[in-house]
Amino acid sequence: MSFAFSSRASADRAALAPLREIGLFADLSDDDLDLIHAPIDQLQFRAGQNLYLEGSRAAGLYSLQSGLVKLARVTEDGRQRVTRIVREGEIAGLEALATSRYDSDAIALNDVTVHRIPLEVVHRLSQQSPRLHPRLMQQWRQALKHTDDWLASINFGSARQRVRQFVLKMRDAADPTITLLFSREDMGAMMDLKHETVSREVSQLVREGALQPLDKSGRVYRVQNPQLLMA
């Protein structure tokens, strides 16, 4: 699905509504939205698919509608290090506004839906709309803070501390009693731990009564005792 408008005269105001679902455009006026001439595609990716690759020329920014995306880089010794998790309502690929290239791999952790916003659209709007530039800066600051907080909380301390912080950070925003985990390999890459260590620590949390598995694949858990996780 794509959204594109050529002029104010031809744009149906009701048809602008889907664009307002994109958080980056939520505060824009109808006149601002009429500046969008390139199509904004709605794309779907299955778990494990790449949205884009590190170093590739940027096709646009990705506004996440649903699902979770990991941003990862490969270290010199060939290991994958996850630098950030992109959640619903957040933007992936902001660095492309400055460099026209992506500085990490973006990989779907589960089934995701995104809006891909062409760079030319964002550049035009940021120059001609006084409302978009502050929102872009806000998104950029949030992304940097998210990355810093993420790395600080799950890459320091003992394995037990890292896993417990990870479980807390992956709680659902709408229902914090539910947390979504991933493959133990992915979790290990995020926390710089061996996947056997991650598996052992998660199993320990289940035995202690902090977590209750809700599916057979070991991805969805109920947080039964958050105090144990925060200890």
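Residues numbered from 1 in each chain as written. Predicted model: local features only at pLDDT ≥ 70, side-chain atom pairs only at ≥ 80, totals over all residues. Heavy atoms only, no water.

Engineer: Even after reading the chapter, I still don't get the pairing of strand S5 (residues 69-74), so can you show me in this structure?
Structural biologist: Along any regular strand the residues' side chains alternate between the sheet's two faces. Sheet topology note: the S5/strand S6 (residues 80-86) ladder contains six bridges and is antiparallel. Within the sheet, the bridge partner assigned to Val-74 lies in S6 and is Gln-80. As consecutive antiparallel partners, S5 and S6 are separated by five residues, and within that stretch Gly-78 has a phi angle of approximately 90°, a positive value. For S5 and strand S8 (residues 105-108), the ladder comprises four bridges, and the chain directions are antiparallel. For Leu-71, the partnering residue across the bridge sits in S8 and is Ala-106. (Pairing = 2+ DSSP bridges. Helix = DSSP H or I, 4+ residues; strand = E, 2+ residues; numbered from the N terminus.)

Engineer: How do you make sense of the packing of helix H7 (residues 184-191) against helix H8 (residues 195-208) when you look at a structure like this?
Structural biologist: Two numbers describe a pair of packed helices, the interaxial angle and the distance between the axes. In the contact formed by H7 and H8, the axes pass within 8 Å of each other and the chain directions differ by 105°. Comparing their axes, H8 and H7 come out roughly perpendicular. On H8, the residues touching Arg-184, Glu-185, Met-187, Gly-188 and Met-191 of H7 are His-195, Val-198, Ser-199 and Val-202. Looking at the contact of H7 with H8, its residues break down into four nonpolar, three polar and two charged. (Axes fitted to C-alpha atoms, helices over the stretch in contact; angles between N-to-C directions. Parallel < 35°, antiparallel > 145°, perpendicular 65-115°, else oblique. Contact = heavy atoms within 4.5 Å. Nonpolar A, V, L, I, M, F, W, Y, C, P; charged D, E, K, R; others polar.)

Engineer: For this particular structure, what's the right way to read the packing of aromatic side chains?
Structural biologist: For any pair of aromatic rings, geometry is given as the distance between the ring centres together with the angle between the planes. This structure, assessed with the given rule, holds four aromatic pairs. These aromatic residues form a ring-pair network of at least three members: Tyr-52, Tyr-62 and Tyr-102. (Phe/Tyr/Trp six-rings, centres within 6.5 Å; stacked < 30°, edge-to-face > 60°.)

Engineer: Help me understand the pattern of salt bridges in this model?
Structural biologist: Applying the stated criterion across every chain, the model contains eight salt bridges. Ionic pairing is found between Lys-70 and Asp-186, a salt bridge with its closest N-O pair at 2.3 Å. Here Lys-70, found in strand S5, pairs with Asp-186, found in helix H7; they are 116 residues apart in sequence, far enough to count as distant. By relative accessible area, Lys-70 is classed as buried at 5%. In this structure, Arg-73 engages Asp-103 in a salt bridge whose closest nitrogen and oxygen atoms are separated by 3.2 Å. Separated by 30 residues along the polypeptide, Arg-73 in strand S5 and Asp-103 in the loop between helix H3 (96-99) and S8 bring together distant segments of the chain. By relative accessible area, which is 31% here, Asp-103 ends up partly exposed. Three or more residues joined by partner-sharing salt bridges are found here, namely Arg-160, Arg-164, Glu-201 and Glu-208. (Salt bridge = Lys/Arg side-chain N within 4 Å of Asp/Glu carboxyl O. Buried < 20%, exposed > 50% of the residue type's maximum accessible area, 1.4 Å probe, protein only.)

Engineer: Explanation requested: the packing of helix H6 (residues 159-169) against H7 in the structure shown.
Structural biologist: Contact pair H6 / H7: the axes reach a minimum separation of 11 Å and the direction vectors enclose 110°. Taken as axis vectors, H6 and H7 run roughly perpendicular relative to one another. Across the interface between the two elements, Arg-162, Val-163 and Phe-166 from H6 touch Met-187, Met-190 and Met-191 from H7.

Geometric values such as these leave the question of function open.
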